[in-house]
Amino acid sequence: MRALTVLSGGMGGARFLQGLLHGVREGLLPGVDRDAVVTVVANTADDIWVHGLKVCPDLDTVMYTLGEGIDPERGWGRREETWSVKEELAAYGVEPTWFGLGDRDVATHLVRTQMLEAGYPLSAITTALCRRWLEPTLGEGLRLLPMTDDRVETHVVVADPDEPSGRRAIHFQEYWVRLRASVPAETVVVVGLDQSTPGPGVLEAIGEADLVVLPPSNPVVSVGTILGVPGIRDALRATAAPVVGLSPIVGGTHVRGMAEQMLRSIGVEVSARGVGLHYGARSAAGVLDGWLVDSRDADALPALHEAGLAAAAVPLMMSDPAATAAMAAAAVDLVTR
Ligand code: FO1
């Protein structure tokens, strides 16, 4: 196999990609060439305009992680970061103060915002930023594509007794960063998604792949939003490539993030089985051929097989690139044996 395509969100997807690339380059994935090209189709619905800057958390998390610029503890933003701009903005009493823009990170947003204002689409801007972050080490081996060049934003409806309607819609970043997903999400609304079109290269990356992977990203606000871009779900169902996913829910809850709250908001069972059945088998109007669950969730296998999915239970903790590479190898093996 020479062309792999991964539909990715932020932290979970980026960590998976680190291990996948390690596995590819070390020849650890059965049937995958060491010089295979990995194309990442990244979620852009987490994007937020803040202080006049366009911030693209999932694109930047993948870019910084694979470019070795990420802060490993936070899992987002730059390592060796300083926060003078954030502190000065707070000193002016400028909101939002709850969303942390590091000084180094601000440079990325200034470049992106300037290029947007000059008329460049997000895909061209991402290519330009990756010239610094990915090309020197990964060359042509890694392509990072926004799922769409159109503006889409995930908003979350939460209860708010001060509102006449008793509820309020807030940006996903406010739900996650300010509220820490501490209140139930009544509904998730992805503004602009239905009107969006796949970004340049996205449908080809899915249609021409030898393998498509859904990593353990958030199935609602990361993979779910990518699948919601008109045309992408159909491309997944039509591709000749096998499509395999890895469960982000282990032992009944998410490993990090807020997948549990998001799944509840769309009425999907918070389990490895629930997410696998939610994505569904391509033989039954879904998008998957195979679904990997963690060893602790082996009891999900019969229902997954019933639903027409190849399925296996293996360790799914991305504790280091080697462990993640083993997960990627199991995913490849599941749908190519
Ligand atoms: N996450 C936080 O928990 N606190 C922050 O202040 C914060 C700022 C931030 C700035 C840029 C960026 O690219 C990501 C940032 N994130 C922050 C993480 C972000 O909320 C997540 O990466 C995703 O949007 C959720 O998956």
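Scroll up to find the structure.
Residues numbered from 1 in each chain as written. Predicted model: local features only at pLDDT ≥ 70, side-chain atom pairs only at ≥ 80, totals over all residues. Heavy atoms only, no water.

Caption draft 1: Region of the structure containing the overall build of the protein. Counting its regular elements, the protein contains 14 helices and 14 strands. Dimensions of the protein, computed from the C-alpha atoms along their principal axes, are close to 60 × 50 × 35 Å. Out of the 337 residues belonging to the protein, those deemed buried represent 54%. A separation of at least 24 residues holds for 69% of the contacts in the protein among residues at least 6 apart in sequence. For the protein, the separation between the mean place of its 27 positive charges and that of its 42 negative charges on side chains is 2 Å. (Helix = DSSP H or I, 4+ residues; strand = E, 2+ residues; numbered from the N terminus. Buried < 20%, exposed > 50% of the residue type's maximum accessible area, 1.4 Å probe, protein only. Contact = heavy atoms within 4.5 Å. Lys, Arg positive; Asp, Glu negative; His and termini not counted. Charge placed at Lys NZ, Arg CZ, Asp CG, Glu CD.)

Caption draft 2: Geometry of the site of the ligand. Not every one of the 13 residues close to the ligand is listed here, only the nearest: Asp46, Pro57, Gly100, Gln173 and Arg180. One nitrogen or oxygen atom from the side chain of Asp46 is found 3.0 Å from an oxygen atom belonging to the ligand. The separation between an oxygen atom of the ligand and a polar main-chain atom of Gly100 is 2.8 Å. Relative to its free-state accessible area of 530 Å², the ligand is covered by the protein chains to the extent of 92%. Examining the composition of the shell around the ligand, we find that four residues originate from one element, helix 7 (residues 172–178), more than from any other. (Near = heavy atom within 4 Å. Polar contact = N/O pair within 3.5 Å; in protein donor to acceptor, adjacent residues only side chain to side chain. Areas by Shrake-Rupley, 256 points an atom, 1.4 Å probe, with all protein chains shown as cover.)

Caption draft 3: Structural view of the pairing of strand 5 (residues 142–146). Burial of strand 5 is extensive: four of the five residues sit out of reach of the surface. Bridge count between strand 2 (residues 37–42) and strand 5: five bridges; the pairing is parallel. Across the sheet, residue Ala42 finds its bridge partner in strand 5, namely Pro146. (Pairing = 2+ DSSP bridges.)

Caption draft 4: Geometry of the side chain of Thr65. Tracing the chain through its elements places Thr65 in helix 2 (residues 57–66). Leave out the neighbours within four places in its chain, and Thr65 touches Ala14, Gln18, Asp60 and Ile70.

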